[in-house]
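Topology and contacts: notes
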Amino acid sequence: MRTWSRVRGVLRDPGGLFGALVIALILIAAIAGPALAPYDPSAQSLETRHLPPFWMDGGSTAHLLGTDQLGRDLASRVIQGARVSTIVGVAAVLMQVLVGVTLGLLAGYWRGALDAVIMRLADVWLAVPFLVLAMALAVVLGPGLWSTVLVLGAVGWVTFARIVRAQTLSIRERDFVLASRVAGARPIRTMRAEILPNVAASVIVVATLQVSQMIIAEAALSFLGLGIQPPDVGWGSMIAEGRDSLSSAWWVAAVPGAALVIATLGINLFGDALRDELDPRIR
Amino acid sequence: MALFIAGRTAQGALVLLAVSVVVFLLSFLSGDPAALMLPAEATPAQIAEFRQEMGFDQPVFVQYWDFLVGALTLDFGVSYFHGDDALGMVLERTIPTLQLTLAAMVVALLIAIPLATVAALRRGSVIDRLVGAVAMLGQSLPHFFVGIVLLIVFTVRLGWLPAIGSPTARGLVLPALTLGLYATAETMRLLRSNLLEVLHEDYVRTARAKGVSRAGVMVRHAMRNAVIPVITVLSLQVGTLLGGAVITETVFSYPGMGLLAVQSIANRDFLVIQAFVLIVAAIVVFLNVVLDIVYGLVDPRIRFEVRQS
Amino acid sequence: MAIRQQQERGAPVLEVRDLTVEIRTKRGTITPVDRLSFTLRGGEVLGLVGESGSGKSVSMMALMGLLPAGAARVTSGTAFLGGTDLLSVSPKRLNSMRGGVVSMVFQDPMSALNPVMRVGDQVMEAVRVHHRGLGRKGLRARAVELLELVGITDAGERMNAYPHEFSGGMRQRVMIAMAAANEPAVIIADEPTTALDVTVQAQILELLQDMKERIGSAIILITHDLGVIAEIADRVMVMYAGGKVEEAAVQPIFDAPRHPYTASLLASMPKLSGAVTTMRTIPGAPPDLLALPQGCRFNPRCPLADGRTECHTRAPELVHLDGGQQSACHFPAEVEKAFSRSSDQIEEGGERA
């Protein structure tokens, strides 16, 4: 009941509704991409290179969003790219949540030396800008879909650790937690049964917003040549490919760029609506 | 105050030391640092020779000690690809990157301060919502794509500005705009909520009761107090901007250390990347320490607390 | 200047008629101030008493034009101060009146002063906005004079201090210096002693009275502390649920209250009877402004209202009684009797316990 009324609350917000539609579209493209795509995304055709989108002079409805330098259908490639974005966004954030929530819970619950160590570790992570650390790690781990997930997961856990730690610090002093501790519940149980449900709302909201950040980060790494490698297709690497033909065929970069903007905007709007619904306290 | 400065400096130094450990350990993550640093076509004999030359056959802590001593004496070793001192190469490119970052910061503040002020003053109005929407859009834009769009419009279409960035007035416009927009949304959001908080303070009401006008209150009371959060915002954004600079420099081929790092990836020049990460971290930590101290100077309460303790 | 000349003792300075404030909340529109009328006379201290939520602060903020923008607004009424209606005057003109002819002292001197601005600058600002021509030297001299006037020693030196270097009482002195800076016709003091130590409270009250004598301002003193009223006020106005329920000179109020709410307030004052301190609170909770009772708003808590249809159906009008006393009760004559009896019972009960 409560879940359903919250879902309705999110969908009543215009931004939340738009976001939900965008997310649904991305998921459909990620799951059913090959069936939906009008062409094989890697099929090259030298006769139809640099075809503009259909609404421009020289464009054709056969290739709605035009083609790239190798004559590949951009619409099909954008649909294909949704899969990479989904996998990287979801998997990287899951990894961050797993690592970050665990460390945050431990630090906030036990405080003391463990807290100090974890938080100093967080300081170190924060001293190196996200992209710089991701870049260095990506160099070491090598490019590819799963190493990108690993890189982003390893770099981004700090956000969750800090939020969960701060909330745990205050929740652990509340009466119901004290009661559970006095009653002799084991720390692990207290953390799981009493504290975790209370930090869940913020974690869900932040995780949603973080997914869009990770999609952007993956695109950025791929743009630098450190992320997704062919034959995988990602929006970031598509933008990078389109860079070389900006003056003659700007749409090659603009089409995946637009997909990226719509996707992140949708997820952010959804996350904002979700925050208003679940956890109005956090900014 | 001296104690405060010393304490923060020591804290910063510790963080940097820890960063150096992480950066050092990075090269071991791949299993074989020698393979990481040599071109893919190197022969096993070359790799063995290189390993010995670099001391990779030594125990790890000996290697870290060498690395740390090197870092402290500003010697990261010689770039395998260029044959130059790795640190020197990065340092040479640091100034252009800092110029870009500074220009971007100015862009971000020039846009964020007036918009956040108007939004806070007219809370809930159409303007406020519009500013909120712009901030939301700004946070959703991958800024390398923004850079490319700017390139398409101002260089390819209009031909007003050069495609290659450089630390000159004309060459800085597009890169600074790209990087600045990247930091604008967050700056604007934080500033607006801070201003709103300040505007609800009792002393703002006192000022109004004295007969100070809305604008006067904003400038003389709210802003003065909101400067402190702006400092915090900036210290948070320094890292973001330096990270974003890597992308921006790549998009505009701007000759900064970010571009050098990206080129070094292609050249498998890991020593340069290590030096780059450490220098970026050093800049971030240094600026955070400085801003913390400035914070203490702006807010007499902090100064007072420090004096008391 | 026109206002200054009316400042003879006893002549009306501020005349408020039918002031109504509405606040829109998520659950509905409430009326925290409902058709409030009163007159403030030259040179007097008018005490404004009531529980929190009775509308005393909101009504004064409305007069100052300092209601939080957006949510609250004045829906009707006039408030003439020297020929100008504070409620309909242009925002710009009102701005020039604030701190000039009418000024305000707030409750919490800890937060009411800007923490990052020197005390002297804040006092100078109060002078400067109303005397644009004065140079920095003149401003400074005036600020030092004001600080000396409110009893701050080494005023010249203390000008450079920040608020956190002052004690609570000192900060309230600074607030009073700012309020008095332009010799206003009216000073509104909103619980000026509530946040202070008991020992400092008396000094601040004395200072307020002293300033009143010196510059001839009339003072509206908001408080929930009848002890403060007894000490400094000339007349008292009691508010309940947004409206005035009783008004009188101080002595009659304490001797013979004509509204059961006033009588309850008096009965709830801490009293020393022998070795035992008996403290009584008013039964029932302050009214919910979203669900006001039918008839008299005080009826759920009133000992007189039991079984009387009048109290539950008709809102009492303000009636003028002997000696200028006003009461909004259907049965003002019975108040005294009802309360002398019940307070006796309480005292007996207290001794038994």
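Residues numbered from 1 in each chain as written. Chains lettered and ligands numbered in written order. Predicted model: local features only at pLDDT ≥ 70, side-chain atom pairs only at ≥ 80, totals over all residues.

**Considering the overall build of chain C**
From N to C terminus, chain C includes 14 helices and 14 strands. Within the span of chain C, comprising 353 residues, buried residues form 43% of the whole. (Helix = DSSP H or I, 4+ residues; strand = E, 2+ residues; numbered from the N terminus. Buried ≥ 20, exposed ≤ 12 C-beta atoms within 10 Å, placed from the backbone.)

**Some details on the overall build of chain A**
Helix and strand counts for chain A stand at 10 helices and 0 strands. Reading the helices (α) and strands (β) of chain A from amino to carboxyl end gives α-α-α-α-α-α-α-α-α-α. In terms of its C-alpha atoms, chain A occupies a principal-axis envelope of roughly 75 × 45 × 30 Å. Within chain A, the proportion of its 283 residues that are buried is 50%. Within chain A, contacts between residues separated by at least 24 positions form 70% of all contacts whose residues are at least 6 apart in sequence. (Contact = placed C-beta atoms within 7 Å.)

**Overview of the sheet that holds strand β5 (residues 84-85) of chain C**
Across the sheet, 4 strands lie side by side as β2-β1-β4-β5 (chain C); this open sheet has antiparallel pairing. Whereas interior strands pair on both sides, the edge strands pair on one side only; in this sheet they are β2 (28-41) and β5 of chain C. (Pairing = 2+ DSSP bridges.)

**Regarding the interface of chain B and chain C**
Accessible area lost upon the coming together of the parts is a frequently used measure of interface size. Counting residues at the interface gives 20 residues for chain B and 26 residues for chain C. Of all the secondary structure elements, the ones that give two or more residues to the side of chain B that touches chain C are α9 (202-210), α10 (214-252) and α13 (300-308) of chain B. At 7 residues, the largest contribution of residues to the side of chain B that touches chain C is made by α9(B). Across the side of chain B that touches chain C, the residue classes break down as 5 nonpolar, 6 polar and 9 charged. (Nonpolar A, V, L, I, M, F, W, Y, C, P; charged D, E, K, R; others polar.)

**Observations regarding the domain arrangement of chain C**
Residue and element names in this part refer to chain C. According to the domain assignment, chain C consists of domain 1 (2-224) and domain 2 (240-349). If you average the C-alpha positions of domain 1 and of domain 2, the two centres end up 30 Å apart. Between domain 1 and domain 2, the contact holds 16 residues from the first and 10 residues from the second. Considering each element in turn, the side of domain 1 that touches domain 2 owes the most residues, 9 residues, to β2. Per-class residue counts for the side of domain 1 that touches domain 2 are 6 nonpolar, 6 polar and 4 charged. (Domains from an automatic or database assignment.)

**Considering the interface of chain B and chain A**
Each partner contributes to the interface: chain B provides 39 residues, whereas chain A provides 36 residues. Going through the elements one at a time, α1 (2-29), α6 (126-140), α7 (143-157), α10, α11 (257-266) and α12 (270-298) of chain B are the ones with two or more residues in the side of chain B that touches chain A. Of the residues forming the side of chain B that touches chain A, the biggest block, 8 residues, is contributed by α10(B).

**Considering the confidence of the model for chain C**
Residues and elements named next belong to chain C. Per-residue pLDDT for chain C has a mean of 83; in total, 90% of the residues score no lower than 70. The model gives residues 1-6 a pLDDT under 50, and that stretch makes 11 contacts with residues more than four places away or in other chains. pLDDT under 50 marks residues 272-279. Its contacts with residues more than four places away, or in other chains, come to 11 contacts. Scoring of the predicted complex yields 0.72 for pTM and 0.80 for ipTM. (pLDDT = per-residue confidence, 0-100.)

**Observations regarding the packing of helix α3 (residues 74-110) of chain A against helix α6 (residues 145-171) of chain A**
Residue and element names in this part refer to chain A. The geometry of α3 relative to α6 is characterised by a closest axis approach of 5 Å and an angle of 35° between their N-to-C directions. Classified by chirality, the crossing of α6 by α3 is right-handed. In terms of residue class, the contact of α3 with α6 is made up of 23 nonpolar, 9 polar and 2 charged. (Axes fitted to C-alpha atoms, helices over the stretch in contact; angles between N-to-C directions. Left-handed = near helix turned anticlockwise from the far one by under 90°.)

**A short note on the nonpolar core**
The biggest cluster of nonpolar side chains holds 269 residues, and the ones touching the most others in it are A:Ala134, A:Met135, C:Val123 and C:Val186. The residues touching A:Met135, leaving out its near neighbours within four places in the chain, are A:Leu224, A:Leu226, B:Val246 and B:Ala261. (Core = buried A, V, L, I, M, F, W, Y, C linked by C-beta atoms within 7 Å.)

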